[in-house]
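Chains, contacts and geometry: an overview
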Amino acid sequence: MTCVVGIDLGSTTTKAIILDENQRVLGRGITNSRSNYELAAAVARTEAVINARFGMVHQRAEELGAADAVGRLRRAFVLEQMLHQLRHLERLTLEEVAHSAPAGLRAPFAGALSEICRRIAAEEEARFTQPPLLRSDFFRDAAGSAFMRIAEEIADPNGVSFDRLIGVYDKCIIRVENEPLDLDFRDHIGSALQRVGNPPGLADAVDMAVASDLTPAATVGTGYGRARLPFPKEQIRSEILCHGLGAHALFPETRTVLDIGGQDTKAIQVDSAGIVTSFQMNDRCAAGCGRYLGYIADEMNLGLHELGPLAEQSRRCVKISSTCTVFAGAELRERLSLGEKREDILAGLHRAIILRAMSLLARSGGVSDEFTFTGGVAKNPAAVRALRELVGENYGERTLNISPDSIYTGALGAAIFAARTLD
Amino acid sequence: MTRTEVVDWARNQYEDLDFTAARRWLAEGPGRKAGGYLPVYAPREVLHASGFLPVGIYGAGDMLETIRGDAFYQSYICHLPRSVIELAQSGRLDLLSAVLFPSTCDVIRNLSGMWKLLYPDVYVRYIDVPQVPDPASALEFWEGELRRLLHDLGQISGRVPSDQDLRGSIALYNEMRKVIRDLYRLRRERPWDLPTEELYLLLRAGEVTPPEEFVLQARRYLAAVEADPRRRRDNSRVIVVGAFCEQPPLGLIKSIERSGCYIVDDDFVLGNRFLVRDVPAEGDPVRALARAFVENELRTAVRYEGDPDGKKRLMGEQVAAASADGIIFATPSFCDPALLDQPMLRGGAEREGIPCIAFKYAENTGQFQQYREQAGTFSDSIKLWGGT
Amino acid sequence: MADALKDRSMLLQKEMLASHMARLEQAPETGEPVVYTFVPGNLTELIRSFGALPVLPEINALQSGMRKLSGDYIAEAERAGHSEDVCTYVKCDIGMLRSGNLGPSGTKLPKPDLLLLSYTGCYTFMKWFELLREEYDCPVVFFHVPYQGDGVLEPEHRTYMLRQLREQVIPALERATGRKYDEDALRHSLGLAAEAEDDLVAVLHAGKRRPSPIDGYFGTVYYVGPMFSAFRGTPEGVEYYRTLRQEVEERAAAGLGPITPDGPLNDQRYRLVVEGPPNWTSFRDFWKMFSDEGAVVVASTYSKVGGTYDFGFRHNPADPLGTLADYCSGCYTNLNLPARVDMLARYIQEYQADGFLINSVKSCNSFSAGQLLILREVEKRTGMPGAFIESDLVDPRYFSAANIKNRLESYFQMIDARRRGKTA
């Protein structure tokens, strides 16, 4: 089969999409962005391929009546990948200690590192046996928080201190992140199958998936703020165009797209073919972007995903005039000290963010039917509610589209561009 | 009428973004028109004599969310034109048959062109106030501009004013200027009796109501103040400089007053007392009005200062005239006239040992904590270390 | 432009500028009077008819920007109390003054004998010279050029300007230079100016050709240099523009494109009209973002700040003072917004552009306030898509290459997609 790949190097995450010859999505992959852009792109692509192969496994397994086991196989696979990276991390940290630790500390240092890695592995294995929860943390985040927690427990302030342990970790994790590693489907599906006890039918499905050739016939990359994307020039498309086309692919009647990302906001107008007709970006100042909500969440000691639901409880929206991230904390504290309720302040903050987006939309040409909202903030119910209200007040009835896969919009558009290069 | 009743009346006008009072006036007489003007200065006598109610457009402050307005301006331009456009786009300014744009700065200047594109049926005139220090050429030019305005406005209202009409309007605005001078004098002498918040609301009301009504209410207020003396506090006396165009939110003015300062002079809504003296009633009224402007002693950021030492001395003179202890430079963000003037004004003030502080605001600033702190600290420091 | 081809006109320009800077440096000794003024509404012929040397602080500022000196100067001015919100040309100038007043080419700039405040098209000019007056303690003459609020030069406004010239400006120049007004000398200069203007306009109009032998924005900034500074109305100016015209006509005949810092741009994929001043601190990088994509600017509005000649105006020696008034009134920043929209729409049509771009500059309210409306109006009127990017004149903190490149690339790809009628 002919497939194509689109890759979107974002500021926080890198995404990849594989399409088949009918431009149907075969697989989606996502990883954390990192300084080696080429590797980030490769990892995202690998993840998308893995996702595609698992899709095939699932399909074949269904035919063979073994679908129930696929979920477990998948978790086993992720575990194998995790352990592989963990072993690599351990190897690098031991090398580092052998190389640069003071002679007297070498043995206990090596011991402590191995102990930490052993415990992390044990925790991961234990987690595998629990109720199905597909881990969504990237290795760096998961390993990082576990490492710190365990290091704190076993550190010896007079010997192998916490700082020393973290120092070695910091140095080596960069290498783990930026050096190529075998994390492909073929590399670990065997041991994953073994781990789940090789149920009948499953091996068959896996064989079929392994054999499929998913080498892309064309690849297009996109991304912002990268001095050089790791693709030849002909294979690059602007992220505005990719975003517009991706939104169009998700919702063909889209005419206006709003993307509120971590650090920038885009308002895009597209025609019936998904071609961008005008756009406006707010990228110099990150006020009102996702990062702002991150600061607020930190200030309030809440998870990012908790902000929206809490804001939804508000009965009275407090008027916030500025979404400047520099003053986020101060504004919040002042309001709280004046006796305002948290949910009311949050409702005001969400409205303020959307107000900024409304200006951008107005500058780009308004909000036409249908209106597609993408980016991390689109998952926030309070933001969506504020958007609906403001759009309704200012432009009238509009169909508002939000896709659960909206984070892949740019990669999807890039993949479609890739498909079109084959025409 | 009590003080509270007048202040409530004024507050209603200030908060009313639909210009109800002006609309009522229009409805009450056939052929009446309303003419808007942007800050800082406009020849209201000319509007009035031509059958227009002059309506000052000061934006919507913190009382209106600007959604459409923001679509017209980049982030590094002040807030005033955004809320003005918001008012216009939401239909609230549809009562205006004419809008005058004075030469305050390039933003207001360009707004005149934007208005022509957006509202082609409204009469728009950019008023290029003469900047040349030479009275003769300035007078000839300015008189010509006023005559041009009279002609154009007359076409719209169907009423080209006679000299008599114009003298009448001049006399009325002389009265208005007088009562404002009285208000400012009273506040200067007894700021504890005349809070700036109340004075401010009155001034704003005067921008959107018929001048006769304002004069009446202002006189009532003065009488009420005399009958209602207040307790004197141990506050520092300050002048506020820089707020002559985009206006601060009321909360900011209140914050300054509540932090231990008496505002004894300011340049809020400066246009209503732009002409320092009365315009004489004798002779050709157009020439008299033009001359009053050209020979006007008022010095401000939007007029060229012909005297090389003028900027250096200005703050000292204003502080002395108001018997003030210090200066608060309060300027809108991105305001070219106020911000470019400030180093010269402040430099002159500091050379004379006058204490100063400075901060920026926007008409829709929502947080006043920082102003309270700054003004409060300033007031304390003046009391501790002495003013002028 | 060290690695660009050395056209004779470029060499001429270098010489002219060098000798002018040398004269300025010697002025305290030679006693040549020095008059500071502004590019919009610059009365070069009048100034030179008094034997005085013009200095243009705006040009000093932009050159400081191009030589990467402006960042420090601006910091110096901000330390002295100037706001981060105000015009960076002013801050750059103040900072340069406070740092020894060494001009961008390294020579010391002379103090002014007169500040000729040509109040044309920009409010900030008033403040700039009020500030300089404090620093230099010298006379100022205020020349008020009324704004074309209604899109025309009104007769009363012209009279006002004539009166000011006769009663204020000329006497001030007489006092500052110790010489009498010499109308014949002025007329002679104006004749030379008109000659040079003919040649400049021929060069500008060459942008209508396919391929265009000039870049109407980046390249043209160099072309208008002599016209907008000290050389309009001089024999050197005439020679420069004659030479330049010849070169451009030769390139046009050979079907060649303009010389860019990376070599000739013959393969022109996009023809653009640009509104707004350029960024000076990253001028070459900015130009490269266009030329790398094969984008040539065929016309620009910024190239008319020092005078609009391409719609027929020429300095007229038969009416020496009247023509100065006409000239000043027609400078781009003195035109009202509807006229600016008209100019852009006209350029897009006459120069057969594929699109237009607005470079919105943080410092300059005269240009920037209203540009978003201009964007929409021009799009509406011409059906052409407009690009909108943001930067600054000479504050390096306000130029983000990634941000601008992203918007530009998206814009070019948008044009491509429109051309093909589908995305590709």
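What comes next concerns the included structure. (Residues numbered from 1 in each chain as written. Chains lettered and ligands numbered in written order. Predicted model: local features only at pLDDT ≥ 70, side-chain atom pairs only at ≥ 80, totals over all residues. Heavy atoms only, no water.)

Counting its secondary structure elements, chain B contains 14 helices and 8 strands. Taking 21 Å as the expected radius of gyration for a compact globule of 388 residues, we find that chain B reaches 20 Å, a close match to that expectation. In terms of overall dimensions, chain B has a C-alpha envelope of 60 × 45 × 45 Å along the principal axes. In chain B, which comprises 388 residues, the share counted as buried stands at 66%. Long-range pairs, those at least 24 residues apart, make up 75% of the contacts in chain B with a sequence separation of at least 6. A total accessible area of about 13,300 Å² is found for chain B, and carbon and sulfur atoms account for 48% of it. (Helix = DSSP H or I, 4+ residues; strand = E, 2+ residues; numbered from the N terminus. Rg over C-alpha atoms; globule rule 2.2 N^0.38 Å. Buried < 20%, exposed > 50% of the residue type's maximum accessible area, 1.4 Å probe, protein only. Contact = heavy atoms within 4.5 Å. Areas by Shrake-Rupley, 256 points an atom, 1.4 Å probe, with all protein chains shown as cover.)

Our next topic: the interface of chain C and chain B. Contact residues are listed per partner, giving 56 residues for chain C and 55 residues for chain B. Taking both sides of the interface into account, the surface hidden between chain C and chain B amounts to around 4,800 Å²; carbon and sulfur atoms contribute 57%. If you look at where chain C meets chain B, you find 10 salt bridges. At the junction of chain C and chain B, the tally comes to 31 residue pairs in polar contact (both at pLDDT 80 or more). The residue inventory of the side of chain C that touches chain B, partitioned by class, reads 22 nonpolar, 18 polar and 16 charged. (Buried area = accessible area lost by both parts, 1.4 Å probe. Salt bridge = Lys/Arg side-chain N within 4 Å of Asp/Glu carboxyl O. Polar contact = N/O pair within 3.5 Å; in protein donor to acceptor, adjacent residues only side chain to side chain. Nonpolar A, V, L, I, M, F, W, Y, C, P; charged D, E, K, R; others polar.)

Attention now moves to the pattern of salt bridges. Tallied over the entire structure, the rule returns 100 salt bridges over all chains. A salt bridge links B:Lys254 to B:Glu197; the nearest nitrogen and oxygen atoms lie 3.8 Å apart. Here B:Lys254 is found in helix α10 (residues 250–258), whereas its partner B:Glu197 is found in helix α8 (residues 196–208), with 57 residues between them in sequence. The salt bridge involving C:Arg187 is made with C:Glu183; its shortest N-O contact spans 2.9 Å. Taken together, the positions of C:Arg187 and C:Glu183, both in helix α8 (residues 183–205) and 4 residues apart, correspond to about one turn of that helix. If you follow the salt bridges from partner to partner, you end up with B:Lys116, B:Arg125, B:Glu145, B:Arg148, B:Asp152, C:Asp150 and C:Glu154 in one network.

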